[in-house]
Every structure is written in C-alpha cells, then in structure tokens.
Amino acid sequence: MRVTVLVGSQWGDEGKGKIVDILSEKYDIVARYQGGANAGHTVEIGNKKYILHLIPSGILRENVICVIGNGVVIDPEALLEEIKILEENNISVKGRLLISHNAHLIMPYHKLLDSIRESGDQKIGSTGRGIGPCYTDKYARKGVKIVDLLSKETLQEKIKINLEEKNNLLKKIYDKEGFSIDEMVQQYIKFDKQIDDCITDAAFFLNSAIDEGKSVLLEGAQGALLDVDFGTYPYVTSSNPTSGGASTGTGIPPTKINSVFGIVKAYTTRVGHGPFPTELNDETGNKLREEGAEYGATTGRPRRCGWFDSFLVKYSNLINGVEKVAITKLDVLSAFDEIKVCIGYELEGKRLKSFSTDLTRLYEVKPIYETMPGWSENIEECKSYYDLPQKTKDYLDFLSNQTEMQIEIISVGPKRRQTFFVND
Ligand code: IMP
Ligand code: MG
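A quick note: this is a predicted structure, and the numbers were derived from the prediction, not measured. By convention here, each chain's residues receive numbers from 1 onward along its written sequence. Going through the entries in the order they are written, you letter the chains from A and number the ligands from 1. For this predicted model, a pLDDT threshold of at least 70 governs which residues receive local features, and a threshold of 80 or more governs which side-chain atom pairs are given and counted, while totals over whole chains, interfaces and linings are taken from all residues. Computation of side-chain values: all heavy atoms of the structure, hydrogens and water removed.

Peer 1: Explanation requested: the site of ligand 1 in the structure shown.
Peer 2: Close to ligand 1 lie 16 residues; Asp13, Asn38, Thr127, Thr237 and Arg301 are nearest. Whenever a nitrogen or oxygen atom comes within 3.5 Å of another N or O atom, the pair is scored as a polar contact, on the condition that within protein one atom can donate a hydrogen and the other can accept it, and that pairs from neighbouring residues in sequence are kept only if both atoms are in side chains. In this structure, Asp13 approaches ligand 1 through a side-chain N or O atom, which is 3.3 Å from a nitrogen atom. Arg301 places a side-chain nitrogen or oxygen 3.0 Å from an oxygen atom of ligand 1. Here the open area of atoms and residues is found with the Shrake-Rupley method and a 1.4 Å probe, where only the protein chains shown may cover a residue. For ligand 1, whose unbound accessible area comes to 470 Å², protein coverage reaches 96%. In this count, Pro and Cys sit with the nonpolar residues alongside Ala, Val, Leu, Ile, Met, Phe, Trp and Tyr, while Asp, Glu, Lys and Arg are called charged and the others, Gly among them, polar. Class assignment for the residues of the shell around ligand 1 results in 6 nonpolar, 8 polar and 2 charged. If a single non-hydrogen atom of a residue is within 4 Å of a molecule or strand, that residue counts as near it.

In structure tokens:
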C-alpha cells in the first residue's frame, strides 16, 4: 500500500502536472481531490503539449486509472472538451476515468456569477470558471451533485429551486437575463448520458483498491497559499489544496495516507490579486516572466514573479506535512547573475517568528534576502544531480536548509526527459 499526496507548495503553477506525469509511472491510480477547471496542468511529451484542467495528469500514462474525487467541482463543458482533446490524440479515457457520484456540478449560473462578482469592487482575480459560486452552493447545501443526474425529477427540482433564487438575483440586482429551467435540465441530462459509464462511488473504489494493495497518487490543484483556510484569504481559491483536503476530497482516510510530496518552483509566481512579499515589479521580475514563460495555462494572464521565498515555503511545508519535494524550473535561473532568496520577513523593525496570513501584515512585511551567485551554464540538458554546476548545487542546498525539505526530484525544462531523481 502506497498512498501519496502531491501538493503545490506556493501559489500554484509549480509544475504539478509534469511531476504527476513523471511520478504516475509508479502508481496504479491518480486521483484529483479539489478545485475544478480553474487549474491548468501542462505536460509536454515529445513534441506534444497537453493542458489538463480537470482530468488528472495520470491519464497520459495508459496503465493508470484516474479518479475525479468528490472534492472536485465539475464543469460538464470543460470535462467533455478535455475528453475530446485526449481522444483526438488517441488517449482513451474509456474504463480509465472514474468520477465520484458525490462531486458537485458547476452550473451555467456559477460561471456568470463568478464573472459578475469579479467585475465588482472586490476583485480576487478569479479564473472565472465558476469555482467560488459552486463551492458557495455546496456549503449552502444547494448544490447539484453528479448523483442528482440519476433522476430527471430530482435534477429538475434542484435546478428549479436554484433558478428561483439565481434568476431573481440576476434580474433584480445585476440587471441580467435569467436562465431557462428546461434548457438547463436537457443540457445536464445530455451530459449525464455522455459520462454515465465513468460515474461511481469513488470513495469505495479507492479504499477497496488500497486494501487490495494498489498505490494511489492524490493530485492537488492550485497551491497551499491559495488554500481557503491557510492561504492569503480572501485572495484564495474556494477549496483546500493543502494535504488535508486529500482526505475529505476523496474519502481516503488520513490513516491510509503514507506521505506528502511538495512541488516548489525555483522562484515564486502568483496569478490573481493579493499579497506577494517577494514580488519583483521591475526588470528582474519581467525577466523571470519571459525566461520562465510565466503566463497562465488556463487564462493566459501574465503571472506575477519574484524570488524564492523560503519563509513561505517553510510555512507551507509545515501545514502540509511535506517530507520530500520536487523543484521545478531550475533552468530559468541560469539567466541571472545573482539570485536572491527570502529567508524571513521584517515588520516594524522586528523579525517575524512565523509566517502570517493576516493581510494587513503581509502587505507591510519587508523580505530579508540572502544573495547567492548565479551560474551561467545552461542546465537544460543535465541528466543527473552530478551534472549540475556547483553553484546550482549550492543554491539547492541553501533552499533545502532554509526550508528543512529534502529535494528528491529536479526539473530543468518542460519535457519528461528534463527531469531526474537526485539519488539516481
Ligand atoms: P478561482 O479559483 O478561479 O476562484 O480563483 C481564485 C484565485 O486562485 C485567483 O487568484 C486565481 O488566479 C487563483 N487560481 C485558481 N486556480 C489556479 C491555478 O491553477 N494556478 C494558479 N492560480 C490559480
Ligand atoms: Mg497551473
């Protein structure tokens, strides 16, 4: 039995898709536990580039079974589009993709409300995929779940109750057109027919598989600092990307989880609004963005860029229980003569003892930097840890020591072959 949770340790976009793809070779099952089509997991194989939003990146390994857990919110349009793209590339999801009957569905009004709220006063920088409004309904106990698709009457009743409220809101408050019940019911029934074979009691499936000795990789989306409880609230996503979410989002109890694996980028990025202490609003930041091709996989937005923040990653490792990590995009740093690493924060002349998610403090803190010499060598073709320049190894050692994490995987480019295990 081997059950591993894989988490993003920063603000998302650490390269989880690629690392899941690498690790999934050694797992029987890959399951997603939260988020929705707001995620964008990019995997490059040969000359092909796949961007997955909902389906776990394990789908690219033909022996792997993929599960979308109950904690995920499912957008039918996005899911069908993704299945279509995979099948066009001869990657069949038949018999390999399972969807929890307890997952919630994103409805058309969720997407509309997401975009309306984003145009109001409190801008989060949401991806506009309806994620926040869908989780809002889940917790308000108004959500429409996959299991509701089983009965047309139940579905119709739930949509009717929701539309009474949402159409009112849309018309009276936002001066928008409402939605038609019949059209929506038809649309979701059609969707049900297309995914019917995939729907299952995923918690039962996963637990039985573990009991039979199968290994499971639990794939988180986004990152720890976007966690609704532990992130930079309210500039967060509406679910729990941290490792605890893996249990509630799949039904695999904590006692069956053996380890937590973190993914860190060799520097820091974030999309959307909110505090970002090591952000560089200057030429260095622009250079990181261009060298690292830091544009959102889901929205195409330029990502905000800054130096590695070990104070933040240490906090993230603490709440996730991370033991080992993969470090990604190390090759991007070859372009810099010197590299800075944040080792702590100062606030009003005092050094903070622990990371604070209190926004008023986080906007005011001053990062304390350690400057390291850069390496000028191109490291994209390095095949092992031993191939790396000494200065690169020093950088890695420094990050390891600062954050108390053990680096197990190093990624020096987007391709599968540009990845190696430190001990190989
Ligand atoms: P939402 O999840 O679409 O509501 O967006 C909330 C915040 O999370 C925004 O700042 C988004 O940019 C950010 N976010 C959502 N998904 C991702 C992701 O996969 N990577 C990075 N940021 C994300
Ligand atoms: Mg992404």
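Peer 1: Just to check I follow, could you spell out the domain arrangement of the protein for this structure?
Peer 2: Bring the parts together and some accessible area is lost; that lost area is often taken as the interface size. Domain delimitation in this document rests on an assignment produced automatically or drawn from a domain database. The domains assigned to the protein are domain 1 (2-100 + 198-261), domain 2 (104-194) and domain 3 (263-421). Using only C-alpha atoms to locate each centre, domain 1 and domain 2 end up separated by 24 Å. Contact between two residues is taken to exist if any of their heavy atoms lie within 4.5 Å; hydrogens are not considered. At the interface, 24 residues of domain 1 touch 20 residues of domain 2. Two parts placed together each lose some accessible area; with a 1.4 Å probe, that loss summed over both constitutes the buried area. In total, about 1800 Å² of surface goes out of reach between domain 1 and domain 2, with carbon and sulfur atoms giving 63% of it. Salt bridges are defined by distance alone: a side-chain nitrogen of Lys or Arg within 4 Å of a carboxyl oxygen of Asp or Glu. Here domain 1 is connected to domain 2 by 2 salt bridges. In this structure, the salt-bridge partner of Glu77 is Lys111, at a minimum N-O distance of 3.7 Å. Counting the contacts that link domain 1 with domain 2 gives 5 residue pairs in polar contact (both at pLDDT 80 or more). Among the secondary structure elements, those contributing two or more residues to the side of domain 1 that touches domain 2 are strand S6 (73-74), helix H2 (76-88) and strand S7 (97-100). Broken down by class, the residue content of the side of domain 1 that touches domain 2 amounts to 12 nonpolar, 10 polar and 2 charged. Elements are defined by DSSP. Helices are runs of H or I of four residues or more, strands are runs of E of two residues or more, and each kind is numbered from the N terminus.

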